[in-house]
Amino acid sequence: MKNLEIASLFYKIADLLEMQNVKWKPQAYRRAAQSLEALERDIEELWKEGTLKEIPGVGEGIARHIDEFLRRGKIRPFEAIMRKIPKGLGELMEIESIGPKKAFFLYKKLKIKNLGDLEAAVKRHKLGGLPGFGEKSEQNILKGIGMYKSGHERMLLGKALSIAEGIVDELKKNRGIERIAIAGSLRRMKETIGDIDILATAENAEEVMDAFVNMPDVRDVLAKGTTKTTVVLNSGVQADVRVLKDSEFGSALQYFTGNKEHNIKLREIAIKRGLKLSEYGLFEKKTGRRIAGKTEEEIYAKFGMKYIEPELREDRGELQAAMQGKLPKIISYGSAKGDFHVHSNWSEGSEGIEEIANAAKNIGYEWICLTDHSKSERIAHGLDEEKVLKQIAEIRRINRKFRDFRILAGSEVDIKADGGLDFSNEILKKLDVVVVAVHSGFKSAKGQMTARVLDGINNKYVKIIAHPTGRLIGKREGYEIDLERVFEACAKRGVMPEINAYPERTDLNDANAKRAIELGCRLAIGTDAHSIGQLHYMRLGIAMARRAWAGGKDIANTLNLKEIENLLKLRE
Ligand code: DGT
Ligand code: CA
Ligand code: CA
C-alpha cells in the first residue's frame, strides 16, 4: 500500500508551503494526509476505480497529485521546491517549539540543515537573542531533541499495528501458511513498539521467508534463515518472522509475547512445580516429557490458571490473580457503542456532522459525541458562542433523521489559565456533553495546574476531562499534575477522565487509567478523530482500557443509547 508514503509526502508539501508563507493550502494537504493515514483501503484500488475524490479532504487538485504520484512516483511541482530545501529540516520540525517557519529561518540565518546542526548551534548558544527565540528556547530545544531521539527508537502502536497486520495479510497469501500471529509488545498493545515480532507455522518455511524478504516495504534484510528472518522496513522499524513447529507454536507464542518479567515469573512457578517452561514447550523436569506447548491455553491451564489476555501480561499482579482465580474480565474489542470525542469540519475535522453520524452508524454505534473546540482554540478554528448554538441547533435538526441513533452535542471546552471555562454556564447547560481540556500553559507548576484542572471539573455541567496529562508521545511530556486529586474529584463528581485514543496521545495511559478506576472513576474513551477514517482508533483506546484491567462497566462507551441518556441526564 502506498497510503502512508503519499500521506507523508503531503505532510512534507504542507510544511514546504508553510515555510513560504502560503495560506490555507498547508491545512488542506494535512487534512488529506490525515485521511490517507486512516484509510483502510489501498489507495491504488480507489485510484483504479476512479473514486479518489470520495476520500475526505481530497478534492480535484489533490486527486491530480495522487494520480501523478501513482503513475510517475513523484509530483512535479513539488520536486523543484523540495530540491531547494534540505531534507533534514523535516526532523527539525519534529521538535515541539519549531514549526516550518522557524526551521526555514534557522536554515537561512544559521545554515542549520538537520538536528545535528541544531544541537551543535544550541550548545554554542547561537540561538539566544534571535527573533522568535526567547531566553528559555535553547533549553527547551535541547530537551526536545532528547525526546525526539528517545521517541524515534520506538514506534507508535497505531502505526506499528497497521504495518504488522499488513505483513500478516501478505504472508497469509502464501498457501503453505498454517498458523500465524503477532507476538511481542504489539500483541500486548503497548503504546509504543520496539520491533515487530511475528510467528508462524508453515509447510514450507523457506517459501514464507522468501515472501517476507521480497515485500516492497522491506528496506534491508539483516538475517535470513528458515527458522528466523529479520528485516528493516522502510519506516526504519525492525520486523522478525519466526517459523515454528506446530507442537511448539503455543509455547513460542507465550514466550515471544512476553513481557520478559511475566515470563520470568511464570518460569519460576514452573520450576517450583518440577516443570520446565521454554519457548519449545512445558516439560516435566525429571522425565523430560512434554506436557503442553501447542496452545497458550493449555500451558496456562497446566498451572491451574485461566488464559491470561496478552494486554495483562506486564507483571502487574496478573499471575497471582490468575492463580487465585481472580483475573478480571476485561472489556472486549468491538464493545463500544459510541465515541466521546470527535471533531467535525466546524472546527478542525474533515467532514460534516451528518457524514460523521452516518459513518458512526455504519460502525454499529448507537451514538456519537461531537466535540469541536471552543473559541480560545483559534488555531483549531474553535467555535464562539454564536457558532456553538448554531451547531447545537444543526445537530438537533439532523438527529430527527435518525431512529435509534443520536448525535450528542458536545464541546471540547478550554480550561483557561485561571481555571475558568471558555463558555459561560448559559452555553454549557445547552450542551449534551461538556468535555473540558487544557491546551496551554504546559509548563505551569504542579500545584497551579492541579488547581486549574480541579476548578474546571468542579463546574457542574462538566462530564469529561479530556487527555488529562497533555502528553504527546515523542514530542512533549505531560504537564505536572496531581492525578490522584483529579481522579478523587472526578469520582466524587461523576466526571469521567478520558482515555484519548489518538495514537500520539494515548492519554490517560494504561497505568493512570488503572489508578483512576481503582479510585472509583468511570472512564470515557474518545478517539479525538479528525476524520471519519480515524474513528477506528477506538480499538487503541480499548486496548489501553484492557491494559488498565478495565471491565466493560468501567468504560462508558459500552453503554447503549438509553443508558447514555440516563447517565448524562438527557431529555429527549
Ligand atoms: P519491544 O519490542 O521493545 O517493544 O518489546 P517486546 O516485549 O516485544 O520485546 P522483544 O521484541 O525484545 O522480545 C519479544 C518477547 O520475547 C518479550 O516480550 C519476551 C521475550 N523475551 C525476550 N528476551 C527475553 C529474555 O531474556 N527472557 C525471557 N524470559 N523472555 C524474553
Ligand atoms: Ca518486539
Ligand atoms: Ca523482537
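This report concerns the structure included in the present document. (Residues numbered from 1 in each chain as written. Chains lettered and ligands numbered in written order. Predicted model: local features only at pLDDT ≥ 70, side-chain atom pairs only at ≥ 80, totals over all residues. Heavy atoms only, no water.)

Describing the coordination of the calcium ion (ligand 3)
Those protein atoms acting as donors to the calcium ion (ligand 3) are D195 (OD), D195 (OD), D197 (OD) and D240 (OD), and they sit at 2.2 to 3.1 Å. Between consecutive donor residues of the calcium ion (ligand 3), the sequence gaps follow D-x1-D-x42-D. For D195, a relative accessible area of 23% translates into the label partly exposed. (Donors = N, O, S within 2.8 Å, 3.2 Å for Na, K, Ca; no water. Buried < 20%, exposed > 50% of the residue type's maximum accessible area, 1.4 Å probe, protein only.)

Section: the site of ligand 1
Around ligand 1, the structure places 16 residues, and the nearest of them are R154, S185, R188, G194 and D195. A distance of 2.9 Å is found between an oxygen atom of ligand 1 and a side-chain nitrogen or oxygen belonging to D195. Contact distances for ligand 1 include 3.4 Å between an oxygen atom and a backbone N or O atom of T257. For ligand 1, whose unbound accessible area comes to 590 Å², protein coverage reaches 72%. Of all the elements in the fold, those that place two or more residues in the shell around ligand 1 are α11 (184–187), β4 (195–202), α13 (249–257) and α14 (260–272). Partitioning the shell around ligand 1 into residue classes produces three nonpolar, seven polar and six charged. Formed jointly, the shell around ligand 1 draws a minimum of three residues from each of two domains, domain 2 (155–244) and domain 3 (251–323). (Near = heavy atom within 4 Å. Polar contact = N/O pair within 3.5 Å; in protein donor to acceptor, adjacent residues only side chain to side chain. Areas by Shrake-Rupley, 256 points an atom, 1.4 Å probe, with all protein chains shown as cover. Helix = DSSP H or I, 4+ residues; strand = E, 2+ residues; numbered from the N terminus. Nonpolar A, V, L, I, M, F, W, Y, C, P; charged D, E, K, R; others polar. Domains from an automatic or database assignment.)

A short note on the coordination of the calcium ion (ligand 2)
D195 (O), D195 (OD) and D197 (OD) make up the full set of protein donors to the calcium ion (ligand 2), lying at 2.2 to 2.7 Å. Given six donor atoms and angles of 69 to 169° at the metal, the environment of the calcium ion (ligand 2) is assigned as irregular. Between the calcium ion (ligand 2) and the calcium ion (ligand 3), a separation of 3.9 Å is found, and both are coordinated by D195. The class of D197 is buried, set by a relative accessible area of 10%. (Tetrahedral: all angles 85-135°; square planar, octahedral: opposite > 155°, others 65-115°.)

As for the packing of helix α20 (residues 446–457) against helix α21 (residues 483–493)
At a minimum axis separation of 10 Å, α20 and α21 run at an interaxial angle of 10°. With respect to each other, α20 and α21 are oriented roughly parallel. Residues T450, V453, L454 and I457 of α20 form the contact with α21, whose own contacting residues are R485, V486, A489, C490 and R493. (Axes fitted to C-alpha atoms, helices over the stretch in contact; angles between N-to-C directions. Parallel < 35°, antiparallel > 145°, perpendicular 65-115°, else oblique. Contact = heavy atoms within 4.5 Å.)

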